[in-house]
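Structural features, examined
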There are 2 protein chains.
Amino acid sequence: MTRSSTALMTDHYELTMLQAALASGTAHRRAVFELFPRRLPEGRRYGVVAGVGRALDALEDFRFDDDVLGALDGVVDEPTRAWLAGYRFTGDAWGYPEGEVYLPHSPLMVVEAPFAEAVLLETLLLSIYNHDSAIASAASRMTLAARGRPCIEMGSRRTHEEAAVAAARAAHVAGFAATSNLAARQRYGVPSTGTSAHSFTLLHDSERDAFRAQVDSLGVGTTLLVDTYDVAEAVRLGVEVAGPGLGAVRLDSGDLGVLAHRVRAQLDDLGAHDTRIVVTSDLDEYAIASLASAPVDGYGVGTQLVTGSGHPTCGFVYKLVAREGASGELEPVAKRSPDKASVGGRKWALRRRTPGGVAEAEVVGIGAPPTDDGDDRALLVPLVRDGEVVGREPLEAARQRHERSRAELPEAAQSMTRGEAVIPTLVQDAAANA
Amino acid sequence: MTRSSTALMTDHYELTMLQAALASGTAHRRAVFELFPRRLPEGRRYGVVAGVGRALDALEDFRFDDDVLGALDGVVDEPTRAWLAGYRFTGDAWGYPEGEVYLPHSPLMVVEAPFAEAVLLETLLLSIYNHDSAIASAASRMTLAARGRPCIEMGSRRTHEEAAVAAARAAHVAGFAATSNLAARQRYGVPSTGTSAHSFTLLHDSERDAFRAQVDSLGVGTTLLVDTYDVAEAVRLGVEVAGPGLGAVRLDSGDLGVLAHRVRAQLDDLGAHDTRIVVTSDLDEYAIASLASAPVDGYGVGTQLVTGSGHPTCGFVYKLVAREGASGELEPVAKRSPDKASVGGRKWALRRRTPGGVAEAEVVGIGAPPTDDGDDRALLVPLVRDGEVVGREPLEAARQRHERSRAELPEAAQSMTRGEAVIPTLVQDAAANA
């Protein structure tokens, strides 16, 4: 099955710049673009890179077929459309692999290609990285706060229907155990799970009928929603219907901490010692942390996960940092006017670590890779070589990488309070040191 | 061309509830679900309904083909999958038409169908309405603040790549003149536009070369980005290269108010009286309002538009409010435990207006339509009848409706300060009055 082209997930100006550059003869100058954050979201200690695999898929589907070219009538002239008909990305890209932690100025992706090929990718790459990394960055704090208890992603209904699928994937990278989203299960193999809604109870003539229907069809291991009418009565009824082997009960309203204690005591009284308690209802990392001492066995997280818990986008930018000059050599370039000035020159990065393996600094080298002190870890891996995707990996690899990368951070990374980046970003300028 | 099925943009539990209801014999009970907001985002005076057209498209594409059914292996049992293979929505839906203003408890969509058909739509409908209405609600405040000056949507890079397309569409409904997003142009006919990026200037050997290339290829009516190096020098150069007929200049950094005054004076000195000034750079409705007295001719809005300016989702819910009882009649139902309790019974709505046509209240009738006092306006229109979409309309109709509906609100709606809903929601319960 042919996937749709992603080439119109693009801003108008990228196409008109291409037209002007083709006409002026500069379009084929070799160029280096970098995708990076100027800063972390205010108060956050670290960020999480996500969307890498999706970006590589999108790059492969970035092509100008007849449908796409037809849509560009009135946007760019015929010579530009003719050039686009033969578009294929032929360049190279390196980047932080998925799941890696990032800090301010981490060079998350470095794209080297003719200007004409690379400039067109700006919007698509930023959309994917900005969205998916915002979700993963929030999710990572939630799974930290949950201290090993499973988090389940349930936010599909609170975000765009396609963003929901990407959010489920990004949350899984950052440690969420499962999702409610069936498309994420289909496309990415994220485990899916579910309980039931108030509507299911209300559909039946009584709560007993509803529980009986659910247990009969889905087995005693199912999760019963117990707050439609009266929680204590529903818990009693649930164990009566399913027996003490009832899988779990879900609480979706009220003071979850108080209720969890009360329901745990009741379940234990009823002999349902292994029946788990799952809580949902506008949870974020702070609410999860506040429930640490409550007898809760799992957190279902919705709105705050898919909206990045206050930071729905990362603010990554994609900037030209070097391009071929008249001499044929790559020359550093940068915006110079005050505000939003950037640093020209190609970047490399490594994570400086103590001999004990604790991260100490994000070291960004300009013009040359920074020096490895022996315990450090290089951060850029090849993603695309001569236009071929080489950086694809199973989602599970990204998930495991995130766990390792986060574990390497100093303990302050685990703080839920607002603060500075957990390690500093150090910049080494090869030209300045030469 | 066959569009992809939307049937997996769905939460796992909707399918397992279906399985249990099919087994218990309740699946085919007639049911009424309603999609509504419990409240407005904190501080907002009104909201804007968007996504209606997209929801109707998504409903038509909600089908369980072989691909989809294959993905449900392990989610639901074989009898359920067999039932799903024949799924077709056969019910009715009414709703607020697109662009309409909403208030707390406005019944934005009312779906009447067998439970089995309607329960499956929960996540998909909520995703679309929650996202698109959040964008339109933010956009409407921005176009108010802009007081007739054009707003251009440029936020694609800050949100998921498909959410970006929907955001451009929703912003257009709420008065944005154009978008940078080419897919929104292709799919929905939203006018697209663009300027150029710093990378285009940096690609060339000099700013003069870059401006020359842009003007030669795109004409003197183009918009030059003038803050790569020195704004005053770039403005001088731009008029030198393009002549006093230069279309516009764009400012993307610095103190936009101060710069706009300075650049306007310089353009006028150079005889470029008709050259417009477009500003961008993290604008929101407050920044736009603060520029009201500056000589600005257009606002490009990115991040804050696509993230709903602090409110990236609307918090709409989709609740069962009535279902067929043992008698065969529809009976009101509602969650009754404390917190998140809802009001059962089918809803109707009208906007109460003064004889002068100013909105006074949102009147929600339970069980029967509220009484029209003569100057009022009914708010629900048919969207789907016997499974056929009947509520489709051109996007321009939604755009015009929004303008009319917003103009009808009391003046307090135009306030950018935080406050209460601009008109109260009154509930009339037919059963209580009978």
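The name that an unreviewed UniProt entry assigns to chain A is Nicotinate phosphoribosyltransferase, with the source organism given as Nocardioides kribbensis. The annotation that UniProt attaches to chain A under Function (unreviewed entry) is "Catalyzes the first step in the biosynthesis of NAD from nicotinic acid, the ATP-dependent synthesis of beta-nicotinate D-ribonucleotide from nicotinate and 5-phospho-D-ribose 1-phosphate."

Let us look at the overall build of chain A. Regarding its fold elements, chain A presents 16 helices and 19 strands. Projected onto its principal axes, the C-alpha coordinates of chain A cover approximately 80 × 55 × 35 Å. The proportion of buried residues among the 434 residues of chain A is 63%. When contacts within chain A are restricted to residue pairs at least 6 apart in sequence, long-range pairs at least 24 apart make up 74% of them. Summed over its atoms, the accessible surface of chain A is roughly 15200 Å², and 49% of this surface lies on carbon and sulfur atoms. In chain A, the 44 positive side-chain charges and the 59 negative ones have mean positions that sit 2 Å from each other.

Right, let's talk about the sheet that holds strand β13 (residues 330-332) of chain A for a bit. Sheet strands line up and pair through hydrogen bonds in the backbone, either parallel or antiparallel. Residue and element names in this part refer to chain A. Judged by pairing direction, the sheet is antiparallel, and its seven strands sit side by side in the order β13-β12-β1-β5-β3-β17-β18 without closing on themselves. Edge positions in the open sheet fall to β13 and β18 (388-389), since each of these has one partner strand only. As defined by bridge partners, strand β17 (residues 381-385) adjoins β18 across two bridges and the pair is classed as antiparallel. Residue Arg385 lies in a different strand from β18, and its bridge partner there is Glu388. Contacting β17 and β18, helix α2 (residues 52-60) runs over the sheet at an angle of about 15° to β17. Along the sheet, helix α6 (residues 122-145) makes contact with β1 (30-37), β5 (109-114), β12 (316-324) and β17, crossing β12 at roughly 140°.

Residues and elements named next belong to chain A. Covered by surrounding structure in strand β11 (residues 298-301) are Gly298 and Gly300 together with Tyr299 and Val301, the residues of both alternating faces. As judged from the three bridges shared by strand β6 (residues 151-153) and β11, these two strands associate in the parallel manner. Of the residues in β11, the one forming a bridge with Cys151 is Tyr299. Across two bridges, the pairing between strand β10 (residues 276-279) and β11 is parallel. Within β11, the position partnered with Val278 by the bridge is Gly298. For the crossover from β10 across helix α13 (residues 285-290) to β11, the handedness is right-handed.

Residues and elements named next belong to chain A. Each assigned domain of chain A is listed with its residue range as follows: domain 1 (12-135 + 311-343 + 378-428) and domain 2 (146-308). Computed from C-alpha coordinates alone, the two centres of domain 1 and domain 2 are separated by 37 Å. Taken together, the contact pairs 20 residues of domain 1 with 20 residues of domain 2. With both chains or domains summed, domain 1 and domain 2 bury close to 1600 Å², and 60% of this area falls on carbon and sulfur atoms. Taken together, the connections running from domain 1 to domain 2 amount to one salt bridge. Residue Arg169 is joined to Glu98 by a salt bridge in which the shortest nitrogen-to-oxygen separation is 2.7 Å. One can count six residue pairs in polar contact (both at pLDDT 80 or more) joining domain 1 with domain 2. Within the residue set of the side of domain 1 that touches domain 2, elements represented by two or more residues are α2, α6 and α15 (395-407).

Residue and element names in this part refer to chain B. Read from one edge to the other, the open sheet built from seven strands follows the order β13-β12-β1-β5-β3-β17-β18, with strand pairing classed as antiparallel. Single-partner strands in this sheet number two, and they are β13 (330-332) and β18 (388-389). For strand β1 (residues 30-37) and strand β12 (residues 316-324), the ladder comprises seven bridges, and the chain directions are antiparallel. Bridge pairing links Leu35 to Tyr318 in β12. The sheet contacts of helix α2 (residues 52-60) involve β17 (381-385) and β18, and relative to β17 the element is tilted by about 15°. Seen against the sheet, helix α6 (residues 122-145) touches β1, β5 (109-114), β12 and β17 and runs at an angle of roughly 140° to β12.

One pass over the structure, following the stated rule, counts 72 salt bridges over all chains. B:Arg392 is the partner of B:Asp57 in a salt bridge, and the nearest nitrogen-oxygen pair spans 2.8 Å. Placement of the pair is B:Asp57 in helix α2 and B:Arg392 in the loop between β18 and α15 (395-407), with a sequence separation of 335 residues. On the basis of relative accessible area, B:Arg392 is assigned to the partly exposed category, the value being 41%. Overlapping salt bridges, with partners in common, bring together A:Glu100, A:Arg351, A:Arg353, A:Glu362, A:Arg377 and A:Glu408 in one network.

Now for the packing of helix α10 (residues 207-218) of chain A against helix α1 (residues 12-24) of chain B. It is the contact of α10(A) with α1(B), at a shortest axis distance of 8 Å, that shows an interaxial angle of 105°. It follows that α10(A) is roughly perpendicular to α1(B) by the angle criterion. Counted together, A:Ala213, A:Gln214, A:Ser217 and A:Leu218 of α10(A) and B:Thr16, B:Gln19, B:Ala20, B:Ala23 and B:Ser24 of α1(B) form the full contact between these two elements. In terms of residue class, the contact of α10(A) with α1(B) is made up of four nonpolar, five polar and no charged.

All right, on to the environment of B:Ala289 then. Structurally, B:Ala289 can be placed in helix α13 (residues 285-290). For the pair B:Ala289 and B:Gly51, spaced 238 residues apart in sequence, the C-alpha to C-alpha distance is 27 Å.

Residues and elements named next belong to chain A. Within this structure, the stated rule accounts for zero disulfides over all chains. Among the cysteines around Cys151, which has no disulfide bond, Cys314 carries the closest sulfur, lying 19 Å off. A relative accessible area of 1% places Cys151 in the buried class.

On to the packing of aromatic side chains. The tally for this structure, following the rule as stated, stands at 14 aromatic pairs over all chains. Pairing A:Phe33 with A:Tyr318 gives two aromatic rings, centres 4.8 Å apart and planes at 10°, and the pair type is stacked. In this pair, A:Phe33 is assigned in strand β1 and A:Tyr318 in strand β12, connecting sequence segments 285 residues apart. For A:Phe33, a relative accessible area of 2% corresponds to the buried category. Consider the rings of B:Phe64 and B:Tyr87, whose centres lie 5.7 Å apart with planes at 70°: the pair is edge-to-face. Here B:Phe64 is found in the loop between α2 and α3 (66-71), whereas its partner B:Tyr87 is found in the loop between α4 (78-85) and β3 (92-95), with 23 residues between them in sequence. Given the relative accessible area of 5%, B:Phe64 is considered buried. Members of the aromatic cluster, connected to one another through ring pairs, are A:Phe62, A:Phe64, A:Trp83 and A:Tyr87. Directly above the ring of B:Trp94 sits B:Arg346, whose terminal nitrogen or CZ lies 4.6 Å from the centroid.

Turning our attention to the interface of chain B and chain A. Counting residues at the interface gives 96 residues for chain B, matched by 96 residues for chain A. Carbon and sulfur atoms supply 58% of the area buried between chain B and chain A, which totals about 7800 Å² over both sides. Interface area lost by chain B to chain A is led by B:Arg157, B:Leu182 and B:Leu203, which between them contribute 10%. If you look at where chain B meets chain A, you find 10 salt bridges. Across the salt bridge formed by A:Glu161 and B:Arg54, the nearest N and O atoms sit 2.7 Å from each other. The interface formed by chain B and chain A includes 54 residue pairs in polar contact (both at pLDDT 80 or more). When residues of the side of chain B that touches chain A are assigned to their parent elements, the largest contribution, 11 residues, is made by α1(B).

What follows is about the relation of the copies chain B and chain A. Mapping chain B onto chain A is achieved by rotating through 180° and translating by 0.0 Å along the same axis, at an RMSD of 0.0 Å. Within this description, the copies of the chain are treated as partners about a two-fold rotation axis. Interface overlap between copies is the fraction of interface residues in one copy that are interface residues in the other; for chain B against chain A it reaches 100%, indicating a shared surface.

Cut-offs used in this document
- Positions within a chain are numbered from 1, following the residues in the order the chain's sequence is written.
- Chains and ligands are labelled sequentially in the order written, the chains with letters from A and the ligands with numbers from 1.
- Side-chain atom pairs in this predicted model are given and counted only at pLDDT of 80 or more, local residue features only at pLDDT of at least 70, and totals for whole chains, interfaces and linings cover all residues.
- Side-chain calculation: all heavy atoms of the structure are included, whereas hydrogens and water are not.
- UniProt positions are given in the numbering used here, feature names are shortened, and annotations may be inferred rather than shown by experiment.
- By definition, any uninterrupted DSSP run of H or I lasting at least four residues is a helix, any uninterrupted run of E lasting at least two residues is a strand, and each is numbered from the N terminus.
- The buried label applies to any residue whose accessible area, calculated with a 1.4 Å probe on protein chains only, is under 20% of its type's maximum; exposed applies above 50%, and partly exposed to all values in between.
- Whether two residues touch is decided by their heavy atoms; if any such pair falls within 4.5 Å, the residues are in contact.
- All accessible areas in this document rest on Shrake-Rupley with a 1.4 Å probe, and a residue is counted as covered only by the protein chains that are shown.
- For the charge count, each Lys or Arg is scored as positive and each Asp or Glu as negative, with His and the chain ends excluded.
- Lysine's charge is taken at NZ, arginine's at CZ, aspartate's at CG and glutamate's at CD.
- By this definition, two strands are paired if DSSP reports at least two bridges between them.
- Axis definition: a line fitted to C-alpha atoms, over the contacting stretch in the case of helices. Angles run 0 to 180 degrees between N-to-C directions.
- Note on handedness: a clockwise path from strand one over the helix to strand two, with the strands aimed away from the viewer, defines a right-handed crossover.
- As used throughout, domain bounds are those supplied by an automatic or database domain assignment.
- Buried area: the accessible surface (1.4 Å probe) lost by two parts on joining, summed over both.
- Any Lys or Arg side-chain nitrogen found within 4 Å of a carboxyl oxygen on Asp or Glu counts as a salt bridge.
- Polar contacts, as used here, are pairs of N or O atoms within 3.5 Å; protein pairs need one atom able to donate a hydrogen and one able to accept it. Residues neighboring in sequence count only if both atoms are side-chain atoms.
- Throughout this description, any angle smaller than 35 degrees is read as roughly parallel, any larger than 145 degrees as roughly antiparallel, any in the 65 to 115 degree range as roughly perpendicular, and the remainder as oblique.
- Classification used: nonpolar for Ala, Val, Leu, Ile, Met, Phe, Trp, Tyr, Cys and Pro, charged for Asp, Glu, Lys and Arg, polar for all others including Gly.
- Any pair of cysteine sulfurs within 2.5 Å is marked as a disulfide.
- Side-chain rings of Phe, Tyr and Trp (the six-membered ring for Trp) are treated as a pair once their centres are within 6.5 Å; stacked means planes under 30 degrees apart, edge-to-face means over 60, and tilted covers the remaining angles.
- By definition here, charges over rings are those cases where NZ of Lys or CZ of Arg is within 6 Å of the ring centre and within 35 degrees of the ring normal.
- Least squares is the method for superposing the copies, and the C-alpha atoms it fits come from residues with pLDDT of at least 70 in both.

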